[in-house]
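Residues per chain, in single letters:
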Amino acid sequence: MNDQHTGPSTPPAPADPDRTATGAEPDGPVVRGDPPVSEESTSRDRGPRFDGARGRWVGASVPRREDPRLLAGRGRFVDDIQLPRMLHAGFVRSTAAHARITSVDLDATREIDGVVAAYDAADLDLGDIVALLDRPPEEFSPTAMPILARDKVRFVGEPVALVVGRDPYCVEDAIEAAVVTYEAHDAIVSENTALAAGAALVHEEAPGNVLLDVSMFDTPGVDDAFDAAASDGCVVEVLTRTGRQNALPLETRGVVAAWDDHDEQLLVQTCSQVPHQVRTVLARSLRIPERMVRVTVPDMGGGFGQKCVVGREEIAVAAAARRLDRPVKWIEDRRESLTAGFLAREQRYRSRAAFDAQGRITALDVDVVCDMGAYSCYPFTAGIEPLMASAEMPSVYRVPAYRVRGRAIATNKAPTAPYRGVSRPQYVMAIERLMERAARELGLDPVEIRRRNVITEFPYTGINGVTYDPGTYRESLDLAEQTLREEGWYELRERAAAEGRYLGIGYCCFSERTGYGSEAFAKRKMRVVPGFDISEIRMDTTGSVVVTSGTMNHGQSHETTLAQIVADRLGLGIDKVKLRQGDTERIVYGWGTFASRSATIGGSAVSIAAARLGEVLCDIAAHLLQTRPDQVRLDGRGGVVQVDDPGRRISFEDIADVAYLRAHLLPKDVEPTLSATASFDVPGDGTFSNATHAVVVETDPGTGQVRILRYACVEDCGVVIHPKVVDGQCRGGIAQGIAGALFEEITYADNGEPSAASFIDYLVPTATEIPDITVSHLETPCAFTENGAKGAGEGGTIGAPAAVLNAINDALRHTGVELDATPVHPQTVLAALDGAPERDTPRPPQKASSPA
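These figures come from a predicted structure and were not determined experimentally.

Q: Help me understand the overall build of the protein chain, please; the structure alone is not making it clear to me.
A: Counting its regular elements, the protein chain contains 21 helices and 34 strands. For 852 residues, the compact-globule estimate of 2.2 N^0.38 gives 29 Å, and the C-alpha radius of gyration of the protein chain, at 28 Å, lies within 12% of that figure. Viewed in the frame of its principal axes, the protein chain has a C-alpha envelope of about 90 × 80 × 50 Å. For the protein chain, the accessible area works out to roughly 30,600 Å², and carbon and sulfur atoms hold 50% of it.

Q: What am I meant to see in the pairing of strand 29 (residues 645-651) here?
A: On any regular strand, side chains alternate: one points to one face of the sheet, the next to the other face. In terms of strand pairing, strand 28 (residues 639-642) meets strand 29 through 4 bridges, oriented antiparallel. Within strand 29, the residue paired with Val-640 across the bridge is Ile-650. What sits between the antiparallel neighbours strand 28 and strand 29 is a turn of 2 residues.

Q: So what exactly am I meant to see when it comes to the sheet that holds strand 19 (residues 361-371) here?
A: Strand pairing in a sheet is mediated by backbone hydrogen bonds. Such pairs are either parallel or antiparallel. A sheet is described by the order of its strands in space; here 6 strands give the open sequence 10-20-19-18-11-34, paired in mixed fashion. Of all strands in the sheet, those bounded by a partner on one side alone are strand 10 (210-218) and strand 34 (821-822). In the sheet, strand 10 pairs with strand 20 (residues 402-409) via 6 bridges, with the strands oriented antiparallel. Opposite Leu-212, over in strand 20, you have Ala-408 as the bridge partner. Relative to the sheet, helix 10 (residues 384-392) contacts strand 10, strand 18 (347-356), strand 19 and strand 20, its axis offset from that of strand 10 by approximately 10 degrees.

Q: What's the story with the nonpolar core in this structure? I'm lost.
A: Within the largest apolar cluster, 131 residues are counted, with the highest numbers of intra-cluster contacts made by Tyr-711, Ile-738 and Leu-742. By size, the runner-up hydrophobic cluster in this structure holds 56 residues, among which are Ala-121, Leu-148, Val-189 and Val-255.

Q: Can you walk me through the pattern of salt bridges in this structure?
A: Working definition: two side chains of opposite charge can pair if their charged atoms are close together. The final tally for this structure, using the stated rule, is 64 salt bridges. For Lys-413, the salt bridge goes to Asp-371, with nearest N and O atoms at 2.8 Å. Of the two residues, Lys-413 is situated in the loop between strand 20 and helix 11 (424-442) and Asp-371 in strand 19; the sequence distance between them amounts to 42 residues. For Lys-413, a relative accessible area of 2% translates into the label buried. Assessed through its relative accessible area of 6%, Asp-371 is described here as buried. Across the salt bridge formed by Arg-451 and Asp-478, the nearest N and O atoms sit 2.9 Å from each other. Highlighted residues: Arg-451 in helix 12 (residues 446-451) and Asp-478 in helix 13 (residues 473-486), separated in sequence by 27 residues. When salt bridges that share partners are traced, they join Glu-448, Arg-451, Arg-452, Arg-474, Asp-478, Glu-481 and Arg-485 into one network.

Q: When you look at the environment of Gly-571 in this model, what are you seeing that I'm missing?
A: Structurally, Gly-571 can be placed in the loop between helix 16 (558-570) and strand 26 (577-580). When the C-alpha atoms of Gly-571 and Leu-201 are compared, they prove to be 61 Å apart, with 370 residues separating the residues in sequence.

Q: What am I meant to see in the side chain of Ser-549 here?
A: By the secondary structure assignment, Ser-549 is in the loop between strand 25 (545-548) and helix 16. Polar side-chain contacts of Ser-549 include one of 2.7 Å to the side chain of Thr-551. Apart from the residues within four sequence positions on either side, Ser-549 is in contact with Asp-533, Ile-534, Leu-562, Leu-579, Arg-580, Gln-581, Ile-587, Gly-602 and Val-606.

Q: Teacher, can you tell me more about the sheet that holds strand 14 (residues 265-270) here?
A: Ordered in space as 4-8-2-16-13-14-15, the 7 strands form an open sheet in which the pairing is mixed. Each edge of the open sheet carries a strand with a single partner, namely strand 4 (115-120) and strand 15 (293-296). Averaged over all pairs of adjacent strands, the angle between strand axes in this sheet comes to 20 degrees, irrespective of strand direction. As paired elements, strand 2 (residues 87-93) and strand 16 (residues 328-331) share 2 bridges and run parallel to each other. Residue Leu-87 lies in a different strand from strand 16, and its bridge partner there is Val-328. Its contacts with the sheet place helix 7 (residues 275-286) against strand 14 and strand 15, and it is angled at close to 150 degrees to strand 15. Strand contacts of helix 8 (residues 312-324): strand 2, strand 4, strand 8 (159-165), strand 13 (254-260), strand 14 and strand 16, with the helix running at about 30 degrees to strand 13, the strand carrying the most contacts.

Conventions we followed
- Residues numbered from 1 in each chain as written.
- Predicted model: local features only at pLDDT ≥ 70, side-chain atom pairs only at ≥ 80, totals over all residues.
- Heavy atoms only, no water.
- Helix = DSSP H or I, 4+ residues; strand = E, 2+ residues; numbered from the N terminus.
- Rg over C-alpha atoms; globule rule 2.2 N^0.38 Å.
- Areas by Shrake-Rupley, 256 points an atom, 1.4 Å probe, with all protein chains shown as cover.
- Pairing = 2+ DSSP bridges.
- Contact = heavy atoms within 4.5 Å.
- Axes fitted to C-alpha atoms, helices over the stretch in contact; angles between N-to-C directions.
- Core = buried A, V, L, I, M, F, W, Y, C linked by side-chain atoms within 4.5 Å.
- Buried < 20%, exposed > 50% of the residue type's maximum accessible area, 1.4 Å probe, protein only.
- Salt bridge = Lys/Arg side-chain N within 4 Å of Asp/Glu carboxyl O.
- Polar contact = N/O pair within 3.5 Å; in protein donor to acceptor, adjacent residues only side chain to side chain.

Honestly, it's all geometry; don't read function into it.
Next up, the structure:
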């Protein structure tokens, strides 16, 4: 894939006439490659730092420190773990979507050669997983997720019993020998069946199958705005839907659990984005103190949010390991992952918008329904999707009046967990479709109507009560359009239309709230409130440091990027920084990695910890150099120098030698240790990255196939720590967004049977279907984080579905067809064309050519 970045030689985006003559406020965006704002002008100048505004590491695409291990096949994943006397586990899973369990017979299972134990819910007697919101009963219905199903099953694939044996093969035989009988109930598999009068209840404690029903905003003036728009402007309405997806990490879920008699501790090695939350829930479910549980995470092959919730299988395996006093391993197979793993995305938005005659939006009215499957996920609850959508739906646009209702419904499907983007791909698609519809009604260019509505003055507090920090909403939109125009795609589109070909251009302009702090999560009224991160840094006698982070790497290059931040803060070489993560015994506490919080929150915590260590180093160096602490500084060569005499310096090794080996030379008020701890929590509403995606597609009316010819992304995630890593994050996210737009979907039969149990049925795009993607960066340094960075993990996934869908609709603009749901399969296009009004001209399928 091509690298096309906005550098110093590239003209900036066209200036906004409402901004200064330079096109940006004094603290506004800089094109990557330009000098950043000085340290003195930012809120991030805490503690000593060696000379240089940015330093030599942050902003450089240094070789990834993980690569030698991972690319050579020396990574250590859960399935690589082998322990003496280790057993293997598997689950007897429900074949019914909704039924009462009448009996569980495991006698034949226990007689299979090699089987050591078989347990049902009564045998293990574990506490349930319960995720809570502090909301009244009329808004939220809490439900309990048992570790093994008791009395009732609620989706196909729900674990009913656990089998443990000497190898995976006897376990598979034993699972087939289990006999579970059911008394079937009606399966609830859609919004219509869930909300129908008299529908069977997935949970008796959730009346009407509604887990959450909240009207977060109903501001004054909504109805008046719609009345005015109906007479002078336009009112547009869209019904958008998105299909149910699986996050599909390369490494499925897995766990190895073992009881350690020496430490009186249960060691659980698992692939989780949130090891501390796994420890908490596991200890509570087993009814033991948390000190008796240690959770560690080895290398992890992806997560994308699916692993940022606590699963029941890991707890059952850990309980078996403690009971049997032998290590037990469980590795989820792909069929289990597709049918019984945490899923995502299935949402419906009924959206109306009022626009005045000039194309400015005056009101937004939205009804959101999110199908959350059978259970609330821990710790986020079933409210995560509708609450996210309701709070952030206005996106990058100035919306004066806003009404929204958000509901989470229970169905007989595998439960929903966060998946890269969390409702933002869905609500962004809804509002972007409104923009396209209004542009058509008012005779405006789709880019121009966005230009008239995007936020341009910052900080901006929206009608939703959210304050948006400075970004480049207008600039990214202008630069994306400029890119396609200069490359000749608009001319090619018109030539293609004259030739009877279906070529279309689509845009998506959006923001991504990143690094949610405690205040932002508390607004959702979560009983468990994530937010902060804690870091500890220690220097040894060689002048090298080990830094801990409560974030959890699963492909984001933390070993490199967090080391870059620390190296710059102290003036060390990056090879002298070692990162430790994923161990509840070594990490004080951490909320793991999700919601693009690693660079923003985790990176800020390690930066502050490094700065505090720098203060200790300077204090000791000043004493040894016989001067005051304010007369020394870190010099960028792994040492401290005297300000007025650069020739007088002392290395970190010499400082460490005194601190640890000759402590009698230390000042009396200085402890003999070189370590520091820091925490960080993003204040207020957090920070917002932003981007515009521009897409060119060609649709074949004979086959319904959609081919992406061009994909351009212009994004702003603040200071870019490692350009190639950020580019990879953007491209990977876009690939997943394209997958949701055109390929991936799990559907259900009326009896609750899922359609996809393998990759034969669940279509995943390959490198052939994903186009070259160019990424251009604008930089608006963030005032709320220590390193100026905003999050970059989810933006690609957020923008792709809407951009691709808009491009498809533009390609079909002469046919009378308009699509508002994803994924758009070839049969979707053909069915729509078959039902469309008579077309203006015949359009035989032809291959597209690239622009000159």
